[in-house]
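One letter stands for each residue in the lines below.
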Amino acid sequence: MLMQTHEARLKALREELKRRELDGFIIPISDEHMSEYVGDYAQRLNWLTGFGGSAGFAAVTLDHAAIFVDGRYTVQVRDQVDGNLFEYRSIPGDSLGDWLKQVSAAGATIAYDPWLHTWNWVAELEKVVEPAGITMVPAEGNPIDAVWSDQPAPSDAQAIIHTDELAGRSSADKRAAIADWLTENDLDAVVVPALDSIAWLLNIRGTDVSHTPVALSYVIAHKDGTAELFIAPEKVTPELTQHLGNAVTVRARDEFTGALAGELSGKTVSVDPDFGVVGIAQALRDGGAKFTFKQDPTILAKAIKNEAEVAGHRDAQARDGAAVSRFLRWLEVTAPAGEIDEL
C-alpha cells in the first residue's frame, strides 16, 4: 500500500529510525555526485515533505522535524510543506547543529547518508553537536529508500557520444592533461564523481537529469592517461565503447565502491572536497589508499572554451533567443484575454 500523505511518510521514516536504533536523520536535496539538480530517484526531500525547490534540507528526530530553506523559498515552503509536521527554518540564519542540540538529548545518535554529504560538511556539523553529546553516524543504506515503496529507479537511458568535432578536443587529449596534473602533484589517480566533469573529460552526454545533459556514472583517472568509467551496463552501446577507446575501461556502476576499497591500496588518490562524498573517502581509507582533497582538475580546464565550444554557445543562445521570442509573442496575443496569470 502506497503512503499518500506526508504525515504517513514521516511516521514510516520514524519507525524505520527506531528499528535501526537511531534518534534522527538528515535529508538533503542531493545525489551521490553532489549535483545541483538531481534525478527523480534522488528527490527524497520532496517525497518526504512535499517541498519542490532546488535547495534545502530537512532534519527528523523521533519527536521533532524541521525543514531548512533559504530566502528564495520563504513563501513556497509554507505553501508546500505542512507546518504541523515540520518547523520552518531559514538558512543561513538558523543552524542545523543548533537545532539538533535543542531537540536532542545527550547520547542521541543522528544518522546521515554518507553518499549524500561531503566530508567537510560532516566534520563541521560534528564540531557543533559533539560537545552536546550528540553523535553523527553514517547510515548503512538510506532510511528513506527503505520506506519509499514506489521510489523511481535511476534513469537507464543510454549515454550519448559528444563528438570531437563538437567538443573541439579529444578525450585522449584531456586525459593526457589530467595525467600531467597527477604527475605534477605526485598523485596516482583522481576520483571524478561530478557528472559535468565526467561529461567533459570523456566527451559523453546523457539524459539522466531533466534539462542537464549528463549520464549517471563515476570516473577514476590514472596518471598513465587511462581511466575507468563506472556506469550501468544498460547505458552503454557498442558505439560508446568504440568512442571511448581501449584506454577507457567500462565497468558496471555497482563495482565503483569495491574498486575504491580494493584496488587503490597504497596509492595516493585525489578527491574534490566539494564533490567527493563521505562514502568515497571512507571506501578509499578502508581500502588502504592515501586520499587527499584537491580541486577536480577538470574544473578550470573546462572553463576555458575552445573555438568549437564557443561556437556551440553561440548556437545555443540563438536557439534560446528564438524560443524567448516565440514565448513573448504568445504572451502578447494570449494575455489580453485575461485567462492566464503569472504562473
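The structure this text deals with has already been given above.
No experiment lies behind these values; they were computed from the predicted model shown.

Visitor: Any chance you could explain the overall build of the protein here in plain terms?
Guide: Check the secondary structure of the protein and you find 14 helices and 14 strands. Its C-alpha atoms give the protein a radius of gyration of 22 Å, near enough to 20 Å, the size a compact globule of 343 residues would have. Projected onto its principal axes, the C-alpha positions of the protein cover 65 × 55 × 40 Å. Residue burial in the protein is summarised as follows: out of 343 residues, 45% are buried. Within the protein, contacts between residues at least 6 apart in sequence are counted, and of these 67% link residues at least 24 apart. Accessible surface computed for the protein: about 17,200 Å², of which carbon and sulfur atoms make up 50%. Positive and negative side-chain charges of the protein, numbering 30 and 52 respectively, have mean locations separated by a distance of 2 Å.

Visitor: Even after reading the chapter, I still don't get the packing of aromatic side chains, so can you show me in this structure?
Guide: In this description, an aromatic ring pair is defined by two values, namely the gap between the centres and the angle between the planes. Following the criterion strictly, the structure yields eleven aromatic pairs and no others. A centroid spacing of 4.8 Å and a plane angle of 10° characterise the contact between F57 and F68, whose relative ring orientation is stacked. Of this pair, F57 sits in strand β2 (residues 57–61) while F68 sits in strand β3 (residues 65–69), and the two are eleven residues apart along the sequence. Of the two residues, F57 and F68, both sit in the buried class. When the centroid spacing of 3.9 Å and the interplanar angle of 0° are considered together, the rings of Y218 and F256 count as stacked. Taken together, the residues span a long stretch of sequence, with Y218 in strand β10 (residues 218–222) and F256 in helix α11 (residues 256–262) at a distance of 38 residues. Judged by relative accessible area, which is 3%, Y218 ranks as buried. One aromatic cluster is present, built from ring pairs that chain together W115, Y218, F230 and F256.

Visitor: Please clarify how the pairing of β10 should be interpreted in this entry.
Guide: Consecutive side chains along a regular strand alternate between the two faces of the sheet. Counting buried positions along β10 gives five out of five residues, so the element sits mostly inside the fold. By the alternation rule, side chains of β10 split into Y218, I220 and H222 and V219 and A221, which are all buried. Note that strand β8 (residues 189–192) and β10 share four bridges and pair antiparallel. Across the sheet, residue V190 finds its bridge partner in β10, namely A221. Where β10 lies against strand β11 (residues 227–230), four bridges are found, and the strand directions are antiparallel. Within the sheet, the bridge partner assigned to I220 lies in β11 and is E228. Count of turn residues in the β10/β11 antiparallel hairpin: four residues, of which G225 carries a positive phi of about 90°.

Visitor: Looking at this model, I keep getting lost on the pattern of salt bridges. Mind explaining?
Guide: Opposite charge on two side chains permits them to pair, given that their charged atoms come into close proximity. A complete count under the given rule lists 18 salt bridges for this structure. Of the charged contacts in the structure, one is a salt bridge between K18 and E15, with a shortest N-O distance of 3.6 Å. One end of the pair is K18 and the other is E15, both in helix α1 (residues 6–19) and three residues apart, which spans about a single turn. Via salt bridges that share partners, E228, R251, E255 and E263 belong to a single interconnected network.

Visitor: Please clarify how the sheet that holds strand β1 (residues 24–28) should be interpreted in this entry.
Guide: Adjacent strands of a sheet form backbone hydrogen bonds with each other and so pair up, either parallel or antiparallel. Across the sheet, which stays open at both edges, the six strands sit in the order β4-β3-β2-β1-β5-β6 with mixed pairing between neighbours. This sheet does not close on itself; its edge strands, each paired only once, are β4 (87–90) and β6 (135–138). Between one strand axis and the next, the sheet turns through 25° on average, direction left out of account. Note that β1 and β2 share five bridges and pair antiparallel. Bridge pairing links F25 to V60 in β2.

Visitor: Please explain the pairing of β1 as it appears in this structure.
Guide: Counting buried residues in β1 gives five out of five residues, a clear majority hidden from the surface. Pairing analysis gives two bridges linking β1 to strand β5 (residues 109–112), with the strands arranged parallel. Across the sheet, residue F25 finds its bridge partner in β5, namely A111.

Visitor: Looking at this structure, I do not really get the environment of A106. What am I missing?
Guide: Mapped onto the secondary structure, A106 falls in the loop between α4 (96–103) and β5. Classification of A106 as exposed rests on a relative accessible area of 66%. Separated by 128 residues in sequence, A106 and E234 place their C-alpha atoms 48 Å apart. Apart from residues no more than four positions distant in its own chain, A106 is found in contact with A132 and G133.

Visitor: In this structure, what is going on with the nonpolar core? I would like to understand it.
Guide: Across soluble globular proteins, nonpolar side chains have a tendency to be buried as a group. If you look at the biggest cluster of nonpolar residues, it comprises 34 residues, and the most contacted ones within it are I27, L48, F51, V60, F86 and I144. Where this core is concerned, the elements lending two or more residues are α1, β1, α2 (44–49), β2, β3 and α6 (143–147). The greatest single-element share of this core, amounting to four residues, is contributed by α1. When sequence neighbours within four positions are dropped, the list of residues in contact with V60 reads L10, L13, R14, L17, D23, G24, F25, I27, L48, A65 and F86.

Visitor: What exactly am I supposed to notice about the side chain of D188 here?
Guide: On the secondary structure map, D188 appears in the loop between α8 (171–184) and β8. At a separation of 2.8 Å, a polar atom in the side chain of D188 contacts the main-chain amide nitrogen of T268. With sequence-adjacent residues up to four places away left out, D188 is seen in contact with L182, A221, H222, K223, K267 and T268.

Reading the values: rules and limits
Residues numbered from 1 in each chain as written. Predicted model: local features only at pLDDT ≥ 70, side-chain atom pairs only at ≥ 80, totals over all residues. Heavy atoms only, no water. Helix = DSSP H or I, 4+ residues; strand = E, 2+ residues; numbered from the N terminus. Rg over C-alpha atoms; globule rule 2.2 N^0.38 Å. Buried < 20%, exposed > 50% of the residue type's maximum accessible area, 1.4 Å probe, protein only. Contact = heavy atoms within 4.5 Å. Areas by Shrake-Rupley, 256 points an atom, 1.4 Å probe, with all protein chains shown as cover. Lys, Arg positive; Asp, Glu negative; His and termini not counted. Charge placed at Lys NZ, Arg CZ, Asp CG, Glu CD. Phe/Tyr/Trp six-rings, centres within 6.5 Å; stacked < 30°, edge-to-face > 60°. Pairing = 2+ DSSP bridges. Salt bridge = Lys/Arg side-chain N within 4 Å of Asp/Glu carboxyl O. Axes fitted to C-alpha atoms, helices over the stretch in contact; angles between N-to-C directions. Core = buried A, V, L, I, M, F, W, Y, C linked by side-chain atoms within 4.5 Å. Polar contact = N/O pair within 3.5 Å; in protein donor to acceptor, adjacent residues only side chain to side chain.

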